Amino acid sequence: MAGGGVGEMLVSAVVKEVLGKLSSQMWEQIGLIWGFNNDMKEMTKNLEMVDAVLDDAERKSFMDKPICQWLKELKSAAYAIEDMMCDFETNISPNNQGGSWGAKLQKILSTAKIVKKRVILANKMKDLRQRLDKVAMRRSQFVLNSGTRFDKEQVAKERETYADINEQTSIMGRDKEKEELIQLLMRSDGGHEVSIIAIVGLGGIGKTTLAQLLFNNESIKDTFGRQAWAYVSMEFDVKNIGRALLESFGGSSQIPSTLEGMRKSLKEKMSGKRFFIVLDDLWEEDGGKLEELRGMLRGDTKGSKIVVTTRSEKVAVQIHATELYKLEALTDDHCWDLFSQRAFTSESEKNDKDLVQIGRELVKKCAGVPLAVKSLGYTMRLKKGVDAWAEVRDSDIWKLEEKSGGSFKTSMLPSLKISYILMPSYLKLCFSYCSIFPRGCRISKNELIQQWISLGFIQPPQEGISLEKCGKEYVDDLLGMSFLHFSRSILEDKGKVCMHDLVYDHARSISGDELLVLNAEKAANNHLGGNDYRYVLILNFEDLTET
């Protein structure tokens, strides 16, 4: 039976979050005082029962639509419980009126309206418990196996024994391509004032990484007087590209708000010197729009170069690229080196013939895509033993590759889905939350951690570890899985992280109906749909306020 999307892969994380609150000392006290302790115990029992099989349910939801629907109902019920608890905490918060939780509760109990409040809250808790009962009972309709979960302290110990990933592993097997592209950039192109080199390849194949290597190469920096980088994405907008390039060129505190002003500012930046520009992740195939972009980037000095990264050869043709450089998949040997450096944490593992055999089979499933290899390799280091590795190799999720013809031209890699499923539940909420940022956004690492903390997503595995330190470890894990990567194209962005296009698509699919996306420029065309949204992303709001 065909399955649904992957929007219900967040259920285990939500259930864990609610269980944590229900079992807290504060809520045990609230339940006893307000007379719904039995309802809370029953909800805890039901959630623990379904939590035991959620790993298997999430895996099977890809291919089984009824399971996917059941998970959606379970997530909705869990969120309803959490929302009620948050509302209650807000109303009696000691930060609002002073005093401890206990004192605040006693004050509420002493008011004249206490009987009515207790009845309303008790009835609401009873309704939520009955709703959860119905959903939990449906578990028996499916054949689901109990599974083990990642323990926070266990993961922390594993992390301590794992050395920082060498940046060289990110570019393994691309030395030849790097040198060939450097030669193309250094080569004189006769009468061309600006030459365009298009790096073409599948998503996750390493186009952006190569472009970053070129951008930061010392020989390139010495050759070109000016350098700038712009992330383009599917939302093609000449003004946004112009703004990004001006910010990257630097040296100007004010960026013009009009397109004509940007043209003039760019002309000044590019005048009299050879420049090198990277336009990363270009999707637009309209020749007219691309001609408008080319017109904005004409310089007056011969030998300037523009590198475009794209998945489409048509884009390369339409932008009049003087060179089309097709980036092929990594060889099996290079993929194995990349995988093994991340997956194995000891010499005994590296020498285990059974693990090596299964590992090589997993690598072949990644079809030479470095992003897939890196993500899966880091994830497998937490899977111990031949049986655990064999379970991943034999997962039904790889069948999604077969349905797409094994070409990985679909928006998501099966290996990314597997890496997410194997991700500790406490990381899942943090990762899916990243989907609220616009595609290609450079996210401040410290600000992201603070947002996670404010939402209650970070729970230290043991006493004595600060929330900030724990948040940094969460970021390090997501970086290791290649679900995040540092923004390295611009020097001042070293404290910021980004998401690869494929990873961003994955995060958006997981957040599913929890994220409402509105376009401020097309308010009349926005469709609100359902009512399960938890976050709102408003696009083009700044542009609207400027006009």
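Scroll up to find the structure.
These remarks concern the structure in this document.

We now examine the overall build of the chain. In terms of regular secondary structure, the chain is built from 28 helices and ten strands. Residue burial in the chain is summarised as follows: out of 547 residues, 51% are buried. Long-range contacts, defined as pairs at least 24 residues apart, comprise 73% of the intrachain contacts of the chain with a sequence gap of at least 6. Here the chain displays about 25,600 Å² of accessible surface, and carbon together with sulfur accounts for 48% of that area.

In the structure shown here, the tally under the stated rule is four cavities of 30 Å³ or more. There is about 50 Å³ of room inside the largest cavity. What lines the largest cavity is C434, F437, P438, R439, G440, C441, I443, C498, M499 and Y504. Of the residues contributing to the lining of the largest cavity, the split by class is eight nonpolar, one polar and one charged.

Attention now goes to the packing of aromatic side chains. Here the structure, examined in full by the defined rule, presents 14 aromatic pairs. The interplanar angle of 65° and the centroid separation of 5.9 Å between the aromatic rings of W336 and F344 together place this pair among those described as edge-to-face. For W336, a relative accessible area of 9% translates into the label buried. Each ring, one from Y426 and one from Y474, has its centre 5.2 Å from the other, and the planes form 35°; the classification is tilted. Of the two residues, Y426 sits in helix α24 (residues 425-433) while Y474 sits in helix α26 (residues 467-480), which places them 48 residues apart along the sequence.

On to the sheet that holds strand β5 (residues 323-326), then. Pairing is parallel across the open sheet formed by five strands, whose spatial order is β2-β3-β4-β1-β5. On the outer flanks of this sheet lie β2 (226-233) and β5, each paired with one strand and no other. On average, adjacent strands in this sheet sit at an angle of 15° to one another, irrespective of strand direction. Alignment of β2 against strand β3 (residues 275-282), held across seven bridges, turns out to be parallel. Note that in β3 the partner of A228 across the bridge is I277.

With that settled, consider the nonpolar core. Counting residues in each nonpolar core, the largest one holds 127 residues, and the members touching the most others are W70, F339, F431 and W452. Counting residues per element, this core draws most heavily on helix α5 (residues 65-92), which supplies twelve residues. Those residues in contact with F431 that lie beyond four places of it in its chain are Y420, M423, L478, F483, M499, V503, H506, A507 and I510. Counting 26 residues, the second largest nonpolar core, distinct from the first, contains M270, I277, L279 and L293.

To continue, consider the packing of α24 against α26. Any two packed helices are characterised by how steeply their axes cross, that is the angle between the axes, and by the distance between the axes. Relative orientation of the contacting elements α24 and α26 amounts to 80°, with a least axis distance of 11 Å. Taken together, the axes of α24 and α26 lie roughly perpendicular to each other. Between α24, through Y426, L427, C430 and F431, and α26, the contact on the second element is made entirely by Y474, D477 and L478. Its residues assigned to classes, the contact of α24 with α26 shows six nonpolar, no polar and one charged.

With that settled, consider the pairing of strand β1 (residues 194-200). Within β1, six of the seven residues are buried, which leaves it mostly tucked inside the rest of the structure. Relative to strand β4 (residues 304-310), β1 is paired through seven bridges, and the arrangement is parallel. Looking at the pairing, V200 lines up with T310 of β4. Pairing analysis gives four bridges linking β1 to β5, with the strands arranged parallel.

On to the sheet that holds strand β8 (residues 496-498). If you trace the three strands from one edge of the open sheet to the other, you get β6-β8-β7, paired in antiparallel fashion. Single-partner strands in this sheet number two, and they are β6 (443-444) and β7 (485-486). Strand direction decides the pairing type here: β6 and β8, joined by two bridges, are antiparallel. Its bridge partner being in β8, S444 is matched across the sheet by K496.

Another point: helix α2 (residues 25-34). Regarding α2, the residues found buried are M26, W27, I30, G31, I33 and W34. Looking one or two residues beyond α2, the residue adopting positive phi is G35, at roughly 85°.

Here F215 is to be found in helix α11 (residues 207-215). Put simply, F215 and A228 are 13 residues apart on the chain and 8.5 Å apart in space, counted from C-alpha to C-alpha.

One pass over the structure, following the stated rule, counts 24 salt bridges. One salt bridge in this structure joins E361 and R393, with 3.5 Å as the shortest N-O distance. Of this pair, E361 sits in helix α19 (residues 353-365) while R393 sits in helix α21 (residues 386-393); the two residues are 32 residues apart in sequence, bridging distant segments of the chain. Look at R393 and you get partly exposed, because its relative accessible area is 21%. In this structure, the salt-bridge partner of D505 is R439, at a minimum N-O distance of 2.8 Å.

Moving on: the side chain of S444. Counting through the fold element by element, S444 comes out in strand β6. A distance of 3.3 Å separates a polar side-chain atom of S444 from the backbone nitrogen of E447. Excluding its chain neighbours within four sequence positions, the residues that come into contact with S444 are G495 and K496.

The terminal C-alpha atoms of α19, which comprises 13 residues, lie 19 Å apart, in line with the 18 Å expected from a rise of 1.5 Å per residue. Those residues of α19 that sit buried are L355, V356, I358, G359, L362 and V363. The buried residues of α19 occupy an angular sector of 165° when projected down its axis, which confines them to one face. Residues of α19 that are exposed and point more than 90 degrees away from the buried face comprise K353 and K364. Tucked into the core, α19 has its buried residues touching α17 (332-343), α18 (347-350), α20 (370-380) and α21. For α19, the capping residue at the N-terminal end is D352, with a side-chain oxygen 3.0 Å from the backbone nitrogen of D354. Positive phi appears at A367, one or two residues downstream of α19, with a value of about 55°.

Quick look at the environment of G359 now. In this fold, G359 is placed in helix α19. Residue G359 is classed as buried on the basis of its relative accessible area of 0%. For G359 and M380, which are 21 residues apart along the polypeptide, the C-alpha to C-alpha distance reads 9.0 Å.

Calculation notes
Residues numbered from 1 in each chain as written. Predicted model: local features only at pLDDT ≥ 70, side-chain atom pairs only at ≥ 80, totals over all residues. Heavy atoms only, no water. Helix = DSSP H or I, 4+ residues; strand = E, 2+ residues; numbered from the N terminus. Buried < 20%, exposed > 50% of the residue type's maximum accessible area, 1.4 Å probe, protein only. Contact = heavy atoms within 4.5 Å. Areas by Shrake-Rupley, 256 points an atom, 1.4 Å probe, with all protein chains shown as cover. 1 Å grid on protein atoms, 1.4 Å probe; cavity = no way out; pocket = protein on both sides within 12 Å on 5 of 7 lines; lining within 4 Å. Points joined across faces, edges and corners; volume = space filled by probe spheres on them. Nonpolar A, V, L, I, M, F, W, Y, C, P; charged D, E, K, R; others polar. Phe/Tyr/Trp six-rings, centres within 6.5 Å; stacked < 30°, edge-to-face > 60°. Pairing = 2+ DSSP bridges. Axes fitted to C-alpha atoms, helices over the stretch in contact; angles between N-to-C directions. Core = buried A, V, L, I, M, F, W, Y, C linked by side-chain atoms within 4.5 Å. Parallel < 35°, antiparallel > 145°, perpendicular 65-115°, else oblique. Salt bridge = Lys/Arg side-chain N within 4 Å of Asp/Glu carboxyl O. Polar contact = N/O pair within 3.5 Å; in protein donor to acceptor, adjacent residues only side chain to side chain. Expected span 1.5 Å × (residues − 1). Arc of directions from axis to C-beta.

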